[in-house]
Each structure stands twice: as C-alpha cells, then as structure tokens.
Amino acid sequence: MADGVFNISKGRVAEFHERVNNNDPTNSALIVVLLASTGLEADATLKDYDTLSAILAAANDEATNTGYARKTLTDTDIGAITTNDTSDRNEADIADQTWTSVSNDGTGAIGKLLICYDGDTTGGTDASIIPLTYHDFTVTPNGGNIVASISDYFRAS
C-alpha cells in the first residue's frame, strides 16, 4: 500500500487541478473521499478503476462513520499548481482536511483517501467522477476529529 495516481489520470492530474482552480467549468470541483480499510483492494487493482462508481462497486467501500462526509473543494478552496525550480517539479496541493467528531461506527477503520475530479457538481454522479490520486490514510475514528495532513497530493517531475 502506498500513494499513487490512477491510470485514467496519469498525465492529467495537473490539468484537472487547474480546471477547478480556474473555475472551468463553473461547477467543477475536487472531491475528497475516504475508503474503509476492510475489503480494500491492493493498489495494483485500485489504480485500474476509471470512475468513483467503479471503485465503490468493487470490494472498496466508502466510509459510513457518523461525522464523515465527502469534501468538495472548489476554486476558492485550492490554489494554482506551484512550480518548484529547486526540486525540478510542479506541485499540486490542497489544504489539510478535517472531519469533525467522527465516530467509530458504521465503517470502523479508514484505509485510503482519494482525491477525485468532478466536472459538474450540480448534475454529475459517481459514474462521472474521475479518480485522480490515492493515499494511504490509516485511522480508527474515536469520536474526535480526523485530520488529513495533505502536502502536495500530486507532483510531476
């Protein structure tokens, strides 16, 4: 298990990030999704899915803990891709994400954090949400806050 880019998004993560950052299309957003650790597929299998609905239709379950909900990040929540000339790469970053008072019910433990692209938050479905990156994120809710410290969720070099 590790962090990675879904095959469907290889070579396109920066494009999708910038589309949201530039509010083009108007209702585009990055979607942050947590997956349960139980039944979670290996990264080699996970990265082959082309939509969020395909991921969830397989053995991977979205978290259902009380206090958890998907995060929708629009142009006001993210910044532009940063060019790091010292490390010779471009970096896409989002702010740390906090889920408040998440109970250890429903799903139980969390195993992965996904960052996805939704081109139309007003009319799209999970079948139109494109998974961008996946990240190991192991936490067992205990009624407190869950914070995902995210630094450069994607780097291209």
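Every value quoted in this text rests on a predicted model; they were computed, and no experiment measured them.

Here is what the cut-offs are and how they apply
Throughout, a residue's number is its position along its own chain's written sequence, starting from 1. Only residues with pLDDT of at least 70 get local features here, since the model is predicted, and only at 80 or more are side-chain atom pairs given and counted; chain-wide, interface and lining totals rely on the full set of residues. Side-chain measures were taken over the full set of non-hydrogen atoms in the model, leaving aside hydrogen atoms and water. By definition, any uninterrupted DSSP run of H or I lasting at least four residues is a helix, any uninterrupted run of E lasting at least two residues is a strand, and each is numbered from the N terminus. Per-residue accessibility, obtained with a 1.4 Å probe over protein chains only, is compared with the maximum for each type, and a residue is labelled buried under 20%, exposed over 50%, and partly exposed between these values. One bridge is not enough; two strands pair if DSSP finds at least two bridges between them. Stacked, tilted and edge-to-face are the three classes applied to pairs of Phe, Tyr and Trp rings, where Trp contributes its six-membered ring and a pair requires centres within 6.5 Å; stacked means planes under 30 degrees apart, edge-to-face means over 60, and tilted covers the rest. Each direction from the helix axis to a C-beta atom contributes to the arc, which is the arc of those directions.

## Focus: unusual backbone geometry
Okay, step 1: Across the junction of Asp24 and Pro25, the peptide omega takes the value 5 degrees, indicating a cis bond.
Okay, step 2: Tracing the sequence through the fold places Pro25 in the loop between α1 (13–21) and β2 (29–36).
Okay, step 3: In this structure, Ser101 is a non-glycine residue whose phi angle is positive, near 50 degrees.
Okay, step 4: Mapped onto the fold, Ser101 is located in the loop between β6 (97–99) and β7 (110–118).

## Brief notes about the pairing of β7
Okay, step 1: The element β7 is extensively covered by neighbouring structure, given that 9 of its 9 residues are classed as buried.
Okay, step 2: In this sheet, strand β8 (residues 129–139) lies alongside β7 in antiparallel orientation, the contact comprising 8 bridges. Within the sheet, the bridge partner assigned to Leu114 lies in β8 and is Tyr134.

## So, the packing of aromatic side chains
Okay, step 1: Taken as a whole and judged by the stated rule, the model has 3 aromatic pairs.
Okay, step 2: Seen in terms of ring centroids, Phe6 and Tyr134 are 5.2 Å apart; in terms of plane orientation they differ by 80 degrees. Their pairing is edge-to-face. You can see Phe6 sitting in the loop between β1 (4–5) and α1 and its partner Tyr134 sitting in strand β8, a full 128 residues away along the chain.
Okay, step 3: With centroids separated by 6.2 Å and ring planes inclined at 35 degrees, the aromatic side chains of Tyr68 and Trp99 adopt a geometry described as tilted. Placement of Tyr68 in the loop between α3 (52–57) and β3 (71–73) and of Trp99 in strand β6 is noted, with a sequence separation of 31 residues between them. Each of the two residues, Tyr68 as well as Trp99, counts as buried.

## Considerations on the sheet that holds β2
Okay, step 1: In space, the 5 strands of this open sheet follow the order β1-β8-β7-β2-β3, with antiparallel pairing throughout. Since the sheet does not close on itself, it has two edges, and those belong to β1 and β3, each with one partner.
Okay, step 2: In this sheet, β3 lies alongside β2 in antiparallel orientation, the contact comprising 3 bridges. Directly across from Val32, in β3, lies its bridge partner Lys71.

## Digging into α1
One turn of the α-helix equals 3.6 residues, which is why residues spaced by three or four share an orientation.
Okay, step 1: Among the residues making up α1, those that are buried are Val13, Phe16, His17, Val20 and Asn21. The buried residues of α1 occupy an angular sector of 140 degrees when projected down its axis, which confines them to one face.
Okay, step 2: Asn23 lies just past α1 and shows a positive phi near 55 degrees.

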